[in-house]
Structure formats: C-alpha cells, structure tokens
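Listed below are the residues making up each chain.
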Amino acid sequence: MVSGAFLRKRARGFDYLIVGAGFAGSVLAERLAATANKRILLIDRRSHIAGNAYDSYNDDGILVQRYGPHIFHTNSKQVVDYLGRFTAWRPYQHRVRAAVGDVMLPIPINRTTINGLFGLDLSEAETREFLQNRAEPVARIKTSEDVVISQVGRELYEAFFRGYTRKHWGLDPSQLDKSVAARIPVRTNDDDRYFSDTYQLMPRHGFTRLFENMLDHPNIKVMLNADYRDVIYEIAYDRMIYTGPVDEFFEFRYGKLPYRSLKFHNETIDREQFQPVATVNYPSEEVPYTRVTEHKHLTGQVHPKTTVTYEFPSAEGDPYYPVPRSDNAELYARYRKLADGEPDVEFVGRLATYRYYNMDQVVAQALATYARISGVRKRQMVKSPVCDPARAEV
Ligand code: FAD
Ligand code: UDP
C-alpha cells in the first residue's frame, strides 16, 4: 500500500498515475488526457495494454484473445458511442452450445434445448408450460441453485448448471449468490443468442487496436512490465487511479479476497472450422475444462487453420473472477472502507471494486468516475451499490 504522504503534489510530474491498462484504467486515461488535459502515466505489470481484453495474432496469423472469449454486449448506447470513437464495429451475435451426453444443445435453455433433450416437438406455449411444471417453488431466491431450480427444475439444473458451476467456481451453486446464474436467461422461443442486449458487437480490428487508438494521445505515457510498487517512489504525480485487486493494494490487511482463476490451453488445428458455434460449454464434471472457444467465430477472420482455447478453472493464478457470495461481500466491504479513506486514490474496475462486471459495466463505471472527479457528477452516483453503471450517462 502507498500511503497518502507519498501522493503529495510534486512539480512537473504527472497529474495522474493510473495502475492497470485494462478498460477501467485506459478509459480514465483517455478521458482525463483528452478532455481535462491531464498528464497521465499509465502503468501495467503485464507486457501489454488492454488488460483481460487483450488479443494478438499467434504464430499462424490467427487473432486470439489471450484471456478467454470476450464479446462486447450492452444496453448502453452511451458506452457504444464512446467506444465507437476508437473502433469500427462488426455486428456479432454470440451463440453457445452445451455438450450434454452425445448431443449439443443451445444454452441459454430455449425451446430447441427442451425438444432436443427430451425428444419432443413442443410449441412455444407448450415449452412454457413444460418448464412451469418442472420448476420448483423457492420461497426466497438467494443462491444460484435457487435461481435455476425455480425456473426450470432440478433435472435441467443438473444437466446444464450444477457441474459447470462446480467446476468453474470450485463451489456448489447453492454456495453462490443468485446473481451468478441469473446472468443466463431461460427462453421458451427459439432465440439461441447467448446475450439479450440491444448492442452486440465486436471491434472490427480487435480489442488491442481499440485500446491503441484510445491511448494514442500526447498526454498519455504508457509503462509496461512494471508493477507500480516498484517504481512509485521514482515518479512524481498528484493522484492515483488504481484498477488492480483491492486487497493487494492494502497488503491483504484483512486477509485475501477470493478470486477464481483459469488456465488457458490453446490449440491450432489444420482445418478451417472446429465447431459449429464460437463456444461449446461442457457442464459434465467428468470433463476437466468448462468451455472451448473457436476464435475465428468471434473475429470473423477467414483463415485455412483455426485456433481454439480450452478453459481449465483454477484456484491459483491471475485473479480473473471476484466470487459473489455474502462472506466475500462482507470482507470486501471492509476493504471498501479503507479505500474510502484514501482521498487521493480512486478505485475503479472489476478487481478494485470486487464486482463481477462485464466490459461495458467497467467502461460505464470508469466514465461515471471521470464525470465525478472532473466535477460533472456528484460522488454519490457511483458509490451507490444499487447503481447499474452500464446505465450511467457518459
Ligand atoms: P483488467 O482488464 O483486469 O485490468 C487490470 C489491469 O491492472 C491488468 O492488466 C493488470 O495487469 C493490472 N495491474 C494489477 N495490479 C497491478 C500492479 N500492481 N501494477 C501494475 N499493473 C497492475 N466481459 C464482457 O463484457 N464480455 C465477455 O464476453 C467477457 N468474457 C470474459 C471472459 C473471461 C475468461 C474473463 C476473465 C473476463 C471476461 N469478461 C467479459 C470481463 C472483462 O474481462 C472485464 O470486465 C474487464 O476486462 C475488466 O477490466 P478492468 O480494467 O477492470 O480489469
Ligand atoms: N453457467 C452454467 N452453465 C452454463 C453457462 C453458465 O452453469 O452452460 C453458470 C456458471 O456458474 C457461470 C455463470 O453461469 O459461471 C455465468 O456464465 P457466463 O457465461 O456469463 O460466465 P463468464 O463468461 O463470465 O465466464
């Protein structure tokens, strides 16, 4: 942790030291540099910008996302318009199949899933009735198990959710907040898109190019392969924006906040297409990975070979997922109090605010933070726990 004493104003240094060149840090760097004319030093300990959204061409010339599949989807026109300043878009609707037994069925569960799994030919109304008959009433929906059981019943829960969740999180769905499984809708029609958002797009030339354009400003200096703690005492700056793990900032004073990690295994195959859709989920606990993603579906790239990524969940490794459950929320609340006591540091992003946020929510949170610190908006706007940042105004 860097105490407030070191954050005093120094002559001719940077206005902001921003830790982390992912969406949170890069959006704030861009806004502060381009709109408020601030001088920014953006530091990342990785060898690249773009955080977990980083993509690059592999040895075979295929554009691959290094940290798993990232699909941009949002209901916020403001976020689309803002990011659209730095990229052209390619319309892309993400589709996922779940491998259940010998068949591949659409997930989210929809009419096709039900008919395929049970050998039926139900109409939309009959599918609704079918699911209503299987759904189990739950008095108070608290956990991810409650969410699924109360919508589709135990059999479908076990086929599609239980094993996947146990693998991915190392926890049973009954131990996870309802918000986790609630990310996945249940449908009775044939809509097999993974997301329901109004805007579903991919940056035409990839995420890294979007970040390069965003950070291309004379007021922004980027320093890579550098942990901010190793360089902080050599750099003059006024304020800090921190987007790394919040518990790490405070040197784990109250103990470690749990994060879930993944190991990625890439394979390039000498044929044009590997699987019919971008991602296939493997809910069975007998399969060690959770999903396989074929990158060319996401990017639209045409190439005689194809690269796929297997995701193996892991307790060790880079912190990718905050784990939504009440004891973790309580521990985070204690760190949040410490963060609130740091007047010269802003904590922004998925790891620094310990929230299971998508990219658009992080962008909206960063834009709302910018609005607040530049005086456009009051502090309360982003501090409210019920505020959905993806709905924030830019
Ligand atoms: P990050 O991207 O994690 O950036 C934080 C940066 O801070 C990192 O680059 C890190 O190296 C740096 N850092 C941390 N500590 C230090 C330090 N001490 N010194 C220097 N640098 C430091 N979202 C979607 O919208 N759609 C998707 O399809 C999607 N899929 C996902 C799939 C996976 C497997 C994962 C893990 C996430 C996915 N997300 C998706 C979520 C998305 O990745 C995040 O919402 C977003 O990238 C978070 O941005 P961020 O800036 O908060 O954090
Ligand atoms: N999930 C599941 N089976 C699936 C898809 C999702 O059980 O086929 C659950 C699982 O707990 C997962 C969560 O829903 O972690 C959210 O899924 P999402 O695809 O949004 O996860 P992410 O892309 O963030 O890893």
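You'll find the structure just up there.
Analysis parameters
Residues numbered from 1 in each chain as written. Chains lettered and ligands numbered in written order. Predicted model: local features only at pLDDT ≥ 70, side-chain atom pairs only at ≥ 80, totals over all residues. Heavy atoms only, no water. Helix = DSSP H or I, 4+ residues; strand = E, 2+ residues; numbered from the N terminus. Buried < 20%, exposed > 50% of the residue type's maximum accessible area, 1.4 Å probe, protein only. Near = heavy atom within 4 Å. Polar contact = N/O pair within 3.5 Å; in protein donor to acceptor, adjacent residues only side chain to side chain. Areas by Shrake-Rupley, 256 points an atom, 1.4 Å probe, with all protein chains shown as cover. Pairing = 2+ DSSP bridges. Core = buried A, V, L, I, M, F, W, Y, C linked by side-chain atoms within 4.5 Å. Contact = heavy atoms within 4.5 Å. Expected span 1.5 Å × (residues − 1). Nonpolar A, V, L, I, M, F, W, Y, C, P; charged D, E, K, R; others polar. Axes fitted to C-alpha atoms, helices over the stretch in contact; angles between N-to-C directions.

### Concerning unusual backbone geometry
Alright, step 1. Cis rather than trans, the peptide bond between Ile107 and Pro108 has omega equal to 5°.
Alright, step 2. With respect to the helices and strands, the residue Pro108 is situated in the loop between strand E8 (103-106) and helix H3 (111-118).
Alright, step 3. With a phi angle near 50°, Tyr354 is a residue other than glycine that sits in the positive phi range.
Alright, step 4. Looking at where Tyr354 falls in the secondary structure, it is placed in the loop between strand E17 (345-347) and helix H13 (359-373).
Alright, step 5. We classify Tyr354 as buried; its relative accessible area is 9%.

### Structural notes on the site of ligand 1
Alright, step 1. With respect to spatial proximity, 32 residues lie near ligand 1, and among them Asp44, His70, Ile71, Tyr357 and Met359 are the closest.
Alright, step 2. For ligand 1, a nitrogen atom lies 3.1 Å from a polar atom in the backbone of Arg45.
Alright, step 3. Note that a nitrogen atom of ligand 1 is positioned 2.8 Å from one of the backbone N or O atoms of Ile71.
Alright, step 4. With the chains in place, 96% of the 1,000 Å² that ligand 1 exposes on its own is no longer accessible.
Alright, step 5. At the level of secondary structure, the elements contributing two or more residues to the shell around ligand 1 comprise helix H1 (23-34) and H13.

### Notes on the pairing of strand E2 (residues 40-43)
Consecutive residues of a regular strand have side chains that alternate between opposite faces of the sheet.
Alright, step 1. The two faces of E2 match: Ile40 and Leu42 on one face and Leu41 and Ile43 on the other face are all buried.
Alright, step 2. Two strands pair when backbone bridges link them, and E2 and strand E10 (residues 220-223) are joined in this way by four bridges, in the parallel orientation. The residue of E10 that forms the bridge with Leu42 is Val222.

### Topic: the nonpolar core
Alright, step 1. Counting residues in each nonpolar core, the largest one holds 103 residues, and the members touching the most others are Phe23, Leu83 and Met240.
Alright, step 2. Setting aside anything within four residues of it in sequence, one finds Phe23 in contact with Ala53, Leu83, Phe207, Leu210, Phe211, Met359, Val362 and Val363.
Alright, step 3. The next biggest cluster of nonpolar side chains, apart from the first, holds nine residues, and it includes Val277, Val280, Tyr289 and Tyr310.

### Digging into H1
Alright, step 1. If you check H1, its first and last C-alpha atoms are 16 Å apart, about what 12 residues at 1.5 Å a residue would give, namely 16 Å.
Alright, step 2. Counting buried positions along H1 yields 11 of 12 residues, so the element is predominantly enclosed.

### Quick look at the site of ligand 2
Alright, step 1. Neighbouring ligand 2 are 15 residues, the closest being Thr165, Arg183, Tyr194, Tyr321 and Tyr356.
Alright, step 2. Here an oxygen atom of ligand 2 and a side-chain polar atom of Tyr194 are 2.5 Å apart.
Alright, step 3. Against a free-state accessible area of 520 Å², the protein chains account for coverage of 94% of ligand 2.
Alright, step 4. Classifying every residue of the shell around ligand 2 by side-chain character gives 10 nonpolar, three polar and two charged.

### Re the environment of Gly101
Alright, step 1. Along the chain, Gly101 falls in the loop between strand E7 (96-100) and E8.
Alright, step 2. A sequence separation of 182 residues divides Gly101 from Pro283, and the C-alpha atoms of the two residues are 9.9 Å apart.

### Section: the side chain of Asp192
Alright, step 1. Checked against the element boundaries, Asp192 lands in the loop between helix H7 (178-181) and strand E9 (199-203).
Alright, step 2. On the basis of relative accessibility, which here comes to 15%, the residue Asp192 falls in the buried class.
Alright, step 3. Side chain to side chain, Asp192 and Arg95 meet in a polar contact 2.6 Å long.
Alright, step 4. At a separation of 3.1 Å, a polar atom in the side chain of Asp192 contacts the side chain of Arg97.
Alright, step 5. When residues no more than four places from it in sequence are discounted, the contact partners of Asp192 are His94, Arg95, Arg97, Pro106, Asn110 and Arg187.

### Concerning the sheet that holds E9
Alright, step 1. Read from one edge of the open sheet, three strands run E5-E9-E6, paired in antiparallel fashion. The open sheet terminates on both sides in strands that have one partner only, identified here as strand E5 (72-74) and strand E6 (89-91). Between one strand and the next, the sheet's axes are offset by a mean angle of 40°, whatever the strand orientation.
Alright, step 2. Taken together, the three bridges between E6 and E9 define a ladder with antiparallel strand orientation. Residue Pro91 lies in a different strand from E9, and its bridge partner there is Leu201.

So far we have only geometry, and geometry alone does not tell us how the molecule works.
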